[in-house]
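Chain by chain, the residues:
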Amino acid sequence: MQRPYAIVVHGGAGPHRSGGLAERMQGCETAAARGLEVLQNRGSALDAVQAAVVVLEDHPLFNAGRGAPLNAAGEVELDASIMDGRDLRAGAVAAVQGVPNPVALARAVLEDGRHVLLAGDGARAFARQHGVALCDPGDLVSDAQRQRWRERFGTVGAVALDARGFLAAATSTGGLFGKLPGRIGDSALIGSGTYADASAAVSCTGHGEAIIRVVLAKLVCDHIGAGEAPGAAAREAVDRLGARTAGEAGLIVLDRSGRAAWVTNAAHMPICWLDSSGGRVVEA
Ligand code: ASP
């Protein structure tokens, strides 16, 4: 009998409901369906989360890839990370320009294996050497200007459990609108925005400076590893973040038996959960 598999995708925690929410929920569902297809074909959780996140990086309504906002210098700098819970291999990129799919670059860093996190021009040079698609940094800027009205948040992420029982997580963002050039958020930091081990996989969204201070993703995984249910671990961690930093955040989590949870203290966070038995939730 095949083991159960599942995927959860988020489209970013945001401060208030706005136009475009229905489209963002639809985008999350399309991305989750893409990831589920990978899992159905006996692909790995790692491939599934990457495939789902690429769909959202290519979608102009999300704060990642082509929909990213401008920093204070009028440029787009992107952060992303991906982690394989099977063996703790991880890859991440920070403040990278002209890379439309930073999660693919993070995956290349993971596969290369020498380092976990590459930033800026070095990350872009690594993309060139490893055949990861590049574009003119200006191509992402003009898209972003059209998105100016959008939410402060809208980062994307995915967690998956594959049919072999392995977990993975990935997160990708343009960061906060108007951030200082060179600012790196939680989405590039393994343990803060993204974490996966043998017990659980977590992708976070929200105020990166708050998420980094409580090391949110690893906090949730450690509690699940110690026996807590995903829903309780996620709620407790987001409550702790709110109490200790007054920040807003949200996260999605899957554990190794396929139990899923999503929690935010922001006004909304579009998510989609799909699993191998036909289970489906799309909400914000
Ligand atoms: N966490 C992201 C950051 O601070 C933003 C977001 O989730 O929308 O860079």
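A few points on the structure. (Residues numbered from 1 in each chain as written. Predicted model: local features only at pLDDT ≥ 70, side-chain atom pairs only at ≥ 80, totals over all residues. Heavy atoms only, no water.)

1. Focus: the pairing of strand E8 (residues 200–206)
1) Next: Here E8 lies mainly inside the structure; 7 of its 7 residues are buried.
2) Next: Residues of E8 alternate between two faces, with Ala200, Val202, Cys204 and Gly206 on one and Ala201, Ser203 and Thr205 on the opposite face, all of them buried.
3) Next: Here strand E7 (residues 194–196) folds back onto E8 in antiparallel fashion, the turn holding 3 residues.
4) Next: Of the pairings in the sheet, the one linking E8 to strand E9 (residues 249–255) comprises 7 bridges and is antiparallel in character. Bridge pairing links Cys204 to Leu251 in E9. (Buried < 20%, exposed > 50% of the residue type's maximum accessible area, 1.4 Å probe, protein only. Helix = DSSP H or I, 4+ residues; strand = E, 2+ residues; numbered from the N terminus. Pairing = 2+ DSSP bridges.)

2. Quick notes on the packing of helix H7 (residues 216–225) against helix H8 (residues 230–245)
1) Next: Running from N to C, H7 and H8 cross one another at 140°; their axes reach a closest spacing of 9 Å. When you trace H7 past H8, the crossing you get is right-handed. The segment H7 lies against H8, with Leu216, Leu219, Val220, His223 and Ile224 engaging Pro230, Ala233, Ala234, Glu236, Ala237, Val238, Arg240 and Leu241.
2) Next: A per-class count over the contact of H7 with H8 returns 10 nonpolar, 1 polar and 2 charged. (Axes fitted to C-alpha atoms, helices over the stretch in contact; angles between N-to-C directions. Left-handed = near helix turned anticlockwise from the far one by under 90°. Contact = heavy atoms within 4.5 Å. Nonpolar A, V, L, I, M, F, W, Y, C, P; charged D, E, K, R; others polar.)

3. Let's talk about the site of the ligand
1) Next: Taken together, 12 residues surround the ligand, and among them Thr155, Arg183, Asp186, Thr205 and Gly206 come closest.
2) Next: Between the ligand and Arg183, the relevant distance is 2.7 Å, taken from an oxygen atom to a side-chain nitrogen or oxygen of the residue.
3) Next: Across the complex, the protein chains shield 100% of the 270 Å² of accessible surface that the ligand would expose by itself.
4) Next: Residue classes in the shell around the ligand are distributed as 2 nonpolar, 8 polar and 2 charged. (Near = heavy atom within 4 Å. Polar contact = N/O pair within 3.5 Å; in protein donor to acceptor, adjacent residues only side chain to side chain. Areas by Shrake-Rupley, 256 points an atom, 1.4 Å probe, with all protein chains shown as cover.)

4. Re the sheet that holds strand E10 (residues 260–264)
1) Next: Spatially, the 4 strands line up as an open sheet ordered E7-E8-E9-E10, and their pairing is antiparallel. Each having just a single partner strand, E7 and E10 make up the two edges of the open sheet. Each neighbouring strand pair of the sheet contributes to a mean axis angle of 10°, computed without reference to strand direction.
2) Next: Contacts between H7 and the sheet are confined to E7, E8 and E9, with E8 contributing the most and set at about 150° to the helix.
3) Next: Against the sheet, H8 contacts E9 and E10, and its axis sits at roughly 20° relative to E10.

5. A closer look at the sheet that holds strand E3 (residues 89–96)
1) Next: The sheet built from 8 strands is open, its strands ordered E4-E3-E2-E6-E5-E1-E11-E12 with mixed pairing. Each having just a single partner strand, strand E4 (117–119) and strand E12 (280–283) make up the two edges of the open sheet. Sheet twist, expressed as the average angle between the axes of neighbouring strands with direction ignored, equals 5°.
2) Next: As defined by bridge partners, strand E2 (residues 78–84) adjoins E3 across 6 bridges and the pair is classed as antiparallel. Within E3, the residue paired with Leu78 across the bridge is Val96.
3) Next: Running over the sheet, helix H2 (residues 45–57) touches strand E1 (6–10), E2, E3, strand E5 (156–161) and strand E6 (167–173) and is turned about 155° from E5.

These figures capture arrangement, not role.
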